[in-house]
Amino acid sequence: MRAIIDIMGQRFGRLLVMEPAGMDSNRAMTWRVRCDCGTEFITRGKALRYGSPKSCGCWKPRVDQRRKEHA
Ligand SMILES: [Zn+2]
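Residues numbered from 1 in each chain as written. Predicted model: local features only at pLDDT ≥ 70, side-chain atom pairs only at ≥ 80, totals over all residues. Heavy atoms only, no water.

A. Quick peek at the coordination of the zinc ion. Cys35 (SG), Cys37 (SG), Cys56 (SG) and Cys58 (SG) make up the full set of protein donors to the zinc ion, lying at 2.2 to 2.3 Å. In this structure, the zinc ion is coordinated by four donor atoms arranged in tetrahedral fashion, with angles at the metal of 101 to 117°. Between the donor residues of the zinc ion, the gaps in sequence give the motif C-x1-C-x18-C-x1-C. We classify Cys35 as buried; its relative accessible area is 3%. Accessibility expressed as a relative area gives 42% for Cys37, which makes it partly exposed. (Donors = N, O, S within 2.8 Å, 3.2 Å for Na, K, Ca; no water. Tetrahedral: all angles 85-135°; square planar, octahedral: opposite > 155°, others 65-115°. Buried < 20%, exposed > 50% of the residue type's maximum accessible area, 1.4 Å probe, protein only.)

B. Structural view of the sheet that holds strand E1 (residues 11–12). Spatially, the four strands line up as an open sheet ordered E1-E2-E3-E4, and their pairing is antiparallel. Whereas interior strands pair on both sides, the edge strands pair on one side only; in this sheet they are E1 and strand E4 (40–44). Taken together, the six bridges between strand E2 (residues 15–23) and strand E3 (residues 29–35) define a ladder with antiparallel strand orientation. Along E3, the bridge assignment pairs Pro20 with Trp31. (Pairing = 2+ DSSP bridges. Helix = DSSP H or I, 4+ residues; strand = E, 2+ residues; numbered from the N terminus.)

C. Local environment of the nonpolar core. Residues Ile7, Phe12, Leu15, Val17, Trp31, Val33, Cys35 and Leu48 constitute the largest nonpolar core, which totals eight residues. With three residues, the top contributor of residues to this core is E3. Excluding residues within four positions of it along the chain, Leu48 makes contact with Ile7, Phe12, Leu15, Val17, Val33, Thr43 and Pro53. (Core = buried A, V, L, I, M, F, W, Y, C linked by side-chain atoms within 4.5 Å. Contact = heavy atoms within 4.5 Å.)

D. Broad picture of the pattern of salt bridges. If you walk through the whole model with that rule in mind, you get five salt bridges. Measuring nitrogen to oxygen at the nearest pair gives 3.2 Å for the salt bridge that ties Glu19 to Arg32. Placement of the pair is Glu19 in strand E2 and Arg32 in strand E3, with a sequence separation of 13 residues. For Glu19, a relative accessible area of 37% gives the class partly exposed. (Salt bridge = Lys/Arg side-chain N within 4 Å of Asp/Glu carboxyl O.)

This is how it looks when you write it as structure tokens:
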């Protein structure tokens, strides 16, 4: 049994889930999302819930500048 997890209208980072976009080739549920910058694209619901894309790519967390050094 496969339950479709309804994430329509939910927000993940800068992405807002617009509508279901069917299954991809691996039969994974995909969703149309819209970034705060206005870019729309389709991504997997699983990826969203695991937090991998948080924007269309227009926004990148500044990780390189925060180097923690343990003395
Ligand atoms: Zn964007």
